[in-house]
Amino acid sequence: MASERRDRIERLIERGLQACAGLSVLVTAGILVVLLVETLQFFREVSPFEFLFGTVWTPLFLQKSFGVLPLVGGTLLVSFIAMSVAGPAGLLTAIYLSEYAPSRVRRVVKPVLEVLAGVPTVVYGYFALLFVTPLLQQLIPGLSGFNALSPGLVMGIMILPMVSSLSEDALHGVPRGLREAAYALGATKMQTTVRVVLPAALSGISAAGILAVSRAIGETMIVTIAAGQQPRLTANPLVPIETMTAYIVQVSLGDTPTGTLAYRTIFAVGMLLFVSTFLLNLVSNWLRERFREEYA
């Protein structure tokens with residue numbers, strides 16, 4: 001009787017897990033269908049060539065233009081600034097935690113760093129607008145109140161735990177025998193780290209960087225609050241810009257009538273954002289698979 005009851009409970013748990021997995025697939029498929037249907041309706045009125053390669057984005061103006069490159073450029077500019085902060089700082093932190101820090105320091109520092117990932121992004125946004133921007137304006141007099149530099153720096157702090165944690169896991173997963181072989185050949189700890197451990201963990205570190213880029217591209221609240229809402233194709237981080245996610249928030253506030261061409265732009269931009277992050281995640285998964293096959 002006890003065995004039959006246990007079997008029934010296990011079958012019930014298994015079906016519950018299958019239902020959860022199926023629900024996640026259905027939700028993803030539903031999101032994709034909604035994006036695809038609305039995007040196709042948008043492209044019935046707007047040329048895909050104009051959308052992808054146009055340099056003026058004014059879908060809410062009387063004189064409408066639907067070139068998405070200013071939004072893409074703003075997104076890439078902020079993401080580049082964020083990765084310029086999170087990439088080197090996260091990698092150096094990972095190297096310290098994996099190769100140099102005592103075990104008790106690692107047990108304390110790593111969870112403290114990961115707490116940064118739990119801070120709400122709206123808090124980061126107001127931190128960028130009300131603290132980082134005024135501070136930078138004292139150093140850079142020409143800096144606008146809304147700009148790409150401040151949210152980019154704060155976003156780099158936000159995604160730093162992702163880079164450091166995943167990179168540290170990749171470094172920690174390198175077999176101990178590789179380090180011992182390097183030491184036996186007379187290499188110092190620094191030489192072993194730079195010439196042996198880092199190349200061995202390169203695929204895992206690369207996957208961490210790509211996941212962080214994907215997170216930066218999809219970030220919404222920081223850029224919505226601190227970057228401004230002026231779509232312009234520029235590489236100047238000192239002026240207001242607008243990202244893809246910030247534009248989606250702007251139109252979703254309710255001022256644009258549902259079903260209009262301007263309203264459907266959020267689905268076209270959302271589809272572009274979905275495809276971008278999906279491709280980045282595919283590359284990241286490929287790198288992780290390569291890492292597991294080589295060093296498992």
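Everything quoted here is computed from the prediction, not taken from an experiment.

What counts and what doesn't
- Along each chain, the written sequence defines residue order, and numbers are assigned to residues from 1.
- Note on the predicted model: pLDDT of at least 70 is required for a residue's local features to be given, and 80 or more for side-chain atom pairs to be given and counted; whole-chain, interface and lining totals, by contrast, use all residues.
- Hydrogens and waters are ignored; side-chain quantities use all the structure's heavy atoms.
- The numbering of helices and of strands both runs from the N terminus, where a helix is a DSSP run of H or I of at least 4 residues and a strand a run of E of at least 2.
- Under the scheme applied here, a residue whose accessible area is under 20% of the maximum for its type counts as buried, over 50% as exposed, and between as partly exposed, the area being computed with a 1.4 Å probe on protein chains only.
- In what follows, a contact means two residues having at least one pair of non-hydrogen atoms within 4.5 Å.
- The method behind every accessible area is Shrake-Rupley, applied with a 1.4 Å probe, and residues are considered shielded solely by the protein chains displayed.
- Working convention for charge: Lys and Arg count positive, Asp and Glu count negative, and His plus the chain ends are omitted.
- Think of each charge as sitting on NZ of Lys, CZ of Arg, CG of Asp or CD of Glu.
- When a carboxyl oxygen of Asp or Glu is within 4 Å of a side-chain nitrogen of Lys or Arg, the pair counts as a salt bridge.
- Here, the term nonpolar core denotes a set of buried Ala, Val, Leu, Ile, Met, Phe, Trp, Tyr and Cys residues that are joined through side-chain atoms within 4.5 Å.

1. Observations regarding the overall build of the protein chain
The secondary structure content of the protein chain amounts to 12 helices and 0 strands. Its C-alpha atoms give the protein chain principal-axis dimensions of roughly 70 × 70 × 35 Å. Relative to its full complement of 296 residues, the protein chain shows a buried share of 40%. In the protein chain, the share of contacts with a sequence separation of at least 24, taken over all contacts with a separation of at least 6, comes to 70%. When the accessible area of the protein chain is evaluated, it comes to approximately 16,000 Å², of which 68% is carbon and sulfur surface. In the protein chain, 21 positive and 18 negative side-chain charges are present, and the distance between their average locations comes to 6 Å.

2. Brief notes about the pattern of salt bridges
Applying the stated criterion across every chain yields a total of 5 salt bridges. In this structure, the salt-bridge partner of R264 is E38, at a minimum N-O distance of 3.3 Å. With R264 in helix α12 (residues 261-295) and E38 in helix α1 (residues 2-43), the pair connects residues that are 226 residues apart, well separated along the chain. Among the ionic pairs, E99 bridges to R179, the shortest N-O distance being 2.7 Å. Note that E99 is positioned in helix α3 (residues 69-100) and R179 in helix α7 (residues 176-184), a separation of 80 residues in sequence. Judged by relative accessible area, R179 falls into the buried class, the value being 6%.

3. As for the nonpolar core
M155 and I159 are the most contacted members of the largest nonpolar core, which totals 26 residues. Of all the elements in the fold, those that place two or more residues in this core are α3, α5 (121-139), α6 (149-172), α9 (202-218) and α10 (221-226). Sequence-distant contacts of I159, defined by excluding residues within four places in its chain, comprise A82, M83, A86, A212, R215 and A216. In terms of nonpolar packing, the next biggest core, distinct from the first, is built from 21 residues, V46, W57, V269 and M271 among them.

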